[in-house]
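Geometric and topological summary
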Amino acid sequence: MLFSSLPFLFFFLPVVLAVYYLLLRKNRPLQNVFLFLASLFFYAWGEPRFVLVLMLSIAVNWMAGLAIVRFGRRTRLARFLVALDVIFNLSFLFVYKYLGFMGRVFTRLSGCELSLPALALPIGISFFTFQAISYVVDIYRGKGEAQKNILSVGLYISFFPQLIAGPIVRYETVAAEIQGRRESAEDFFSGFSRFVEGLAKKVLLANKLAILADTVFGAAADGAPLSVLFSWLGAAAYALQLFFDFSGYSDMAIGLGRMFGFHFLENFNYPYISTSISEFWRRWHMSLGTWFRDYVFIPLGGSRVSRKRLLLNLFIVWVLTGLWHGANYTYIVWGLLYFVLLVFERFTGFDKKRKDSLRALRWAYTMFFVILGHVIFRSDSIGAAACMLRSMFALNGNAFSDGMFTGYFAQNVRLMIIGCLLSTPLFKRIGERCAGSAVYAFARAGLLFGLFVLSVASLVSNAYNPFIYFNF
Amino acid sequence: MDVLLFLSAVLFTAVLLWGNAFSALAEETGTLLKYKVGMLPRGEYGLADYREAVESILQNKLQYRFSLVSLNSLRENLLGTRIVVTTDTTVVKADSGNLLGDLRSEYDEETVASRLAPIEALERLAEQNGAGFLCCLVPTKPVYETATPNVINANGVNYDLILAETVKRGIPYLDFRSLFEEQGLSVGELFFYTDHHWRPAAGLLAARTICGELSERYGFVYPEKDLDPAQFRVQTYKDHFLGSYGKKTGLLFTQYGADDFDLITPLFPTDFQAEVAGQPPRRGEFEDSLLDSVYLRKDYYEANTYVVYSGGDFRLQRIDNLLHPDGAKILIVRDSAGCVVTPFLALAAGELHVVDDREGSYPAGAPIDLESYISELRPDYVVYLKFTY
């Protein structure tokens, strides 16, 4: 089930809220059980057969958490159990996500045909697997108590707001809230506002830009000749689509969490205003970046190691970050691109340089590589990415502009201008300046209600509504 | 003020769910529970069925659904959207604001030949049975319009390719594109803005032209005055019809809104009997037997007013002109372009047999066996009339 769907907006969410707040108001244990069961229903709506996979993950990680506490945190046995649990979780991920890909890699490298089955991927497996690992590791590190009740672990791992598209919620950030959260009217209503913002970003911006992006990338994959400007237009449209889709989903997840008294950390912080790649990754998909930092980079030694070892650590992190996004060479190349750029910035001190006169240039440099990275990320294959990149840099003998560019530009320019403005903290700053103004608050509420109605209107009209997280 | 937002959203949701949607959801949930607790035979209903039912209910039964579709179309219009992609089709707004669909790339030789094959087969059948044959090439709306530069529109080129091949093969034909150009008719006069079909007035013109061509080629005798436009009453229903493209994009996607719809009926007495298999025959005046006023109701999103003419598409319809029993026997093989032509053509014939032989499940029923039907019927004339794609 998608947040941006009529069944969620008109059926699932109203029923869950009504039962949670009206029927089960005074019973926290029952509320948690209900949320867990509702989350399973939410997952089963789209993937009934994979509910068992999710439940198995919950059961194993629950047992691992209890065992670690039983045998003492920070002991050798506990470390062994953590390792075993991590291997179990990653094996899940490997079998469902990477098995077929590994077969292809082996075939290519060895020349021997090795055909391994490519299993259907349970949606959200990358997210809930990482959350499960976070659960066990945070217990080991003493950053949260092991839940005695398996349903509470189930709630943490499968809670529907963040189950299929994140953010990756670290156990330590919500451990206390599983039993001890306090719902408040302020959280509830502000959470709903946040949800509506995210819904509008996804439905009114991302979905519309997706049409243009899909057209361009589809043509590139088919080897069709694209003009330089048309290919850049498609790349820019995808950059905006990806941001609004992903951050919109995160907004909806954070807003929904807040409505039930959970406080998830932010996942995006205006990444497109970044003036370095390092800064970009402090603002983009922050839950993933911090997860890899705390569960991979730092355990490997972090940056307090020799230069050679630091290079290796960064290499491992960025290859894994790429692979986490999908089983394709494009994701590995994408990860390596950022590895190279981050190493460059780190070793030249680029990120530390703060000359404001060069800010525009630094921003241009950042956006240039971010867009190139997005092109590789979005492409179905290295070949398709190469075709797209060659078109962007006029290396295909292609025209500079054509009717495809002029037509699509005219039809999308207004939306892209809105998207560019919303990618900046401009409206946030206006909001901060007007905080306390009743007129502003009323106007904001009216605007959000209008956006809610328009979002519903778009969904009712059967408009294009892609789900881009099927690889995750 | 977040409270205000939430309460407004709750009210909005409740209003949309009120009535049909809510009761349908409740009923469906009850059915699921009954199956799950064993009150109904197990295995016949499951979560997948429930999911499908809920999605269908919410897509089709929300209150004010069509108002929301219209609102969405206004948003698309204001954003400058020219291409609307839905789950089953793509509609393009032309430079003029006209709605276009079914835009084609340029055909190769093989495709052109495949278009001519059924026409030639029909011509052979006609010749074998001593009937005069006429192929009517009906241009599609995109032939007349400029779509956006990012959309391929070779419909005009393809029309010319098919016409050239028709001429080359010596098939008797009527080129409606040239005819309309000679008459100086604009695309807005010929076609609905929000639909792919031509207007009733174009249908009357087409019927008159077909009769004139049959007369010139084969000496067809018909009451010419019965096809004189001056002999018809035109009742215009303003802003009445939202065509198939308009239904998909929404009422406010173009500046035209909904189309006007003309009901064209003879001023002189008529008497027909129209029969469709599986339906009771209809007997009476032109408007009672050949038109279906049920579809005349003004319902932008759920009524297809276009099929007021002919009542729709059928595999086989027989129309007897009871005031002209000695008139010619004509068999016409058509697609939906024929809906606004055949009622007027029936005025000129003694018997009109209307066949829709399109492949697939529309119209309902299996296509008739044209070879046996023609050999049994022995029509005087066989006419082919379809949109030329």
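Chains are numbered independently. Their residues run from 1 in the order of the written sequence. Each chain is given a letter, starting from A, and each ligand a number, starting from 1, according to the order in which they appear as written. Totals for whole chains, interfaces and linings use all residues, but because this is a predicted model, local features are given only for residues with pLDDT of at least 70 and pairs of side-chain atoms are given and counted only at 80 or more. Heavy atoms from the whole structure form the basis of all side-chain values; hydrogens and water molecules are not counted.

1. Regarding the interface of chain A and chain B
- Contacts were defined at the residue level, with two residues in contact if any of their heavy atoms lie within 4.5 Å. Between chain A and chain B, the contact holds 48 residues from the first and 42 residues from the second.
- Buried area is a sum: the accessible area each of two parts loses on coming together, probed at 1.4 Å, counted once for each and added. For the pair chain A and chain B, the summed buried surface comes to about 4000 Å²; carbon and sulfur atoms form 71% of the total.
- The rule for a salt bridge is simple: a side-chain nitrogen of Lys or Arg has to be within 4 Å of a carboxyl oxygen of Asp or Glu. There are 2 salt bridges connecting chain A and chain B.
- Linking A:Arg444 and B:Asp2 is a salt bridge whose minimum nitrogen-to-oxygen distance equals 3.2 Å.
- Polar contact criterion, stated in full: a pair of N or O atoms within 3.5 Å, where within protein one must be able to donate a hydrogen and the other to accept it, and residues adjacent in sequence count only if both atoms are side-chain atoms. On inspection of chain A and its partner chain B, the count reaches 11 residue pairs in polar contact (both at pLDDT 80 or more).
- Strands here mean DSSP runs of E at least two residues long; helices mean DSSP runs of H or I at least four residues long; both are numbered from the N terminus. Where the side of chain A that touches chain B is concerned, the elements lending two or more residues are helix H1 (6–23), helix H2 (28–46), helix H9 (185–221), helix H17 (403–422) and helix H19 (438–460) of chain A.
- Ranked by residue count, the leading element in the side of chain A that touches chain B is H19(A), at 14 residues.
- Looking at the side of chain A that touches chain B residue by residue, the classes come out as 35 nonpolar, 10 polar and 3 charged. The residue classification treats Ala, Val, Leu, Ile, Met, Phe, Trp, Tyr, Cys and Pro as nonpolar and Asp, Glu, Lys and Arg as charged. All others, Gly included, are polar.

2. What to know about the domain arrangement of chain A
Residues and elements named next belong to chain A.
- According to the domain assignment, chain A consists of domain 1 (6–181) and domain 2 (187–460).
- The split into domains, and so the bounds of each, comes from an automatic or database assignment of domains. With centres defined by C-alpha atoms, the gap from domain 1 to domain 2 works out at 26 Å.
- Contact with domain 1, which involves 40 residues of that partner, is made by 38 residues of domain 2.
- Together, the buried faces of domain 1 and domain 2 total about 3400 Å²; carbon and sulfur atoms form 75% of this surface.
- Here domain 1 is connected to domain 2 by 1 salt bridge.
- The salt bridge partner of arginine 170 is aspartate 294, with a shortest N-O separation of 2.4 Å.
- The tally of links between domain 1 and domain 2 comes to 13 residue pairs in polar contact (both at pLDDT 80 or more).

3. Thoughts on the pattern of salt bridges
- Under the definition given, this model contains 33 salt bridges over all chains.
- In this structure, the salt-bridge partner of B:Asp271 is B:Arg283, at a minimum N-O distance of 2.9 Å. With B:Asp271 in the loop between strand S7 (259–266) and strand S8 (272–276) and B:Arg283 in strand S9 (residues 282–284), the pair connects residues that are 12 residues apart, well separated along the chain.
- Partly exposed residues are those whose accessible area sits between 20% and 50% of the maximum for their type, while under 20% is buried and over 50% is exposed, using a 1.4 Å probe and protein chains only. On the basis of relative accessible area, B:Asp271 is assigned to the buried category, the value being 16%.
- By relative accessible area, B:Arg283 is classed as exposed at 54%.
- Taken together, the shared-partner salt bridges in this structure form one network comprising A:Arg170, A:Glu172, A:Arg293 and A:Asp294.

4. Considerations on the nonpolar core
- The biggest cluster of nonpolar side chains holds 192 residues, and the ones touching the most others in it are A:Phe8, A:Phe160, A:Phe260 and A:Tyr338.
- A per-element tally of this core places H9(A) first, with 18 residues. For this analysis, a nonpolar core means a set of buried residues of the types Ala, Val, Leu, Ile, Met, Phe, Trp, Tyr and Cys, connected via side-chain atoms within 4.5 Å.

5. Focus: unusual backbone geometry
All names here are of chain A.
- The amide bond that connects glycine 166 to the next residue, proline 167, takes the cis arrangement and shows omega of 0 degrees.
- Phi at histidine 285 is positive, roughly 45 degrees, even though this residue is not glycine.
- Mapped onto the elements of the fold, histidine 285 is located in the loop between helix H11 (277–283) and helix H12 (286–297).

6. Quick notes on the packing of aromatic side chains
- Within 6.5 Å between ring centres, the rings of Phe, Tyr and Trp (the latter by its six-membered ring) count as paired, and their orientation is classed by plane angle as stacked under 30 degrees, edge-to-face over 60, tilted in between. Under the counting rule described, the total for this entry stands at 96 aromatic pairs over all chains.
- When the ring of A:Tyr135 is compared with that of A:Tyr171, the centres are 4.6 Å apart and the planes differ by 75 degrees; the resulting orientation is edge-to-face. With a gap of 36 residues between them, A:Tyr135 in helix H5 (residues 125–140) and A:Tyr171 in helix H8 (residues 171–180) connect regions that are remote in the sequence.
- The exposure class assigned to A:Tyr135 is buried, which follows from its relative accessible area of 0%.
- Where A:Phe449 meets B:Phe12, the ring centres are 6.0 Å apart and the plane angle is 85 degrees; that geometry is what we call edge-to-face. Residue A:Phe449 is found in helix H19, and its partner B:Phe12 is found in helix H1 (residues 2–17); the two belong to separate chains.
- Only when the NZ atom of a Lys or the CZ atom of an Arg is both within 6 Å of the ring centre and within 35 degrees of the ring normal do we say a charge sits over the ring. Sitting over the ring of A:Tyr238, A:Arg378 keeps its end group 5.9 Å from the ring centre.

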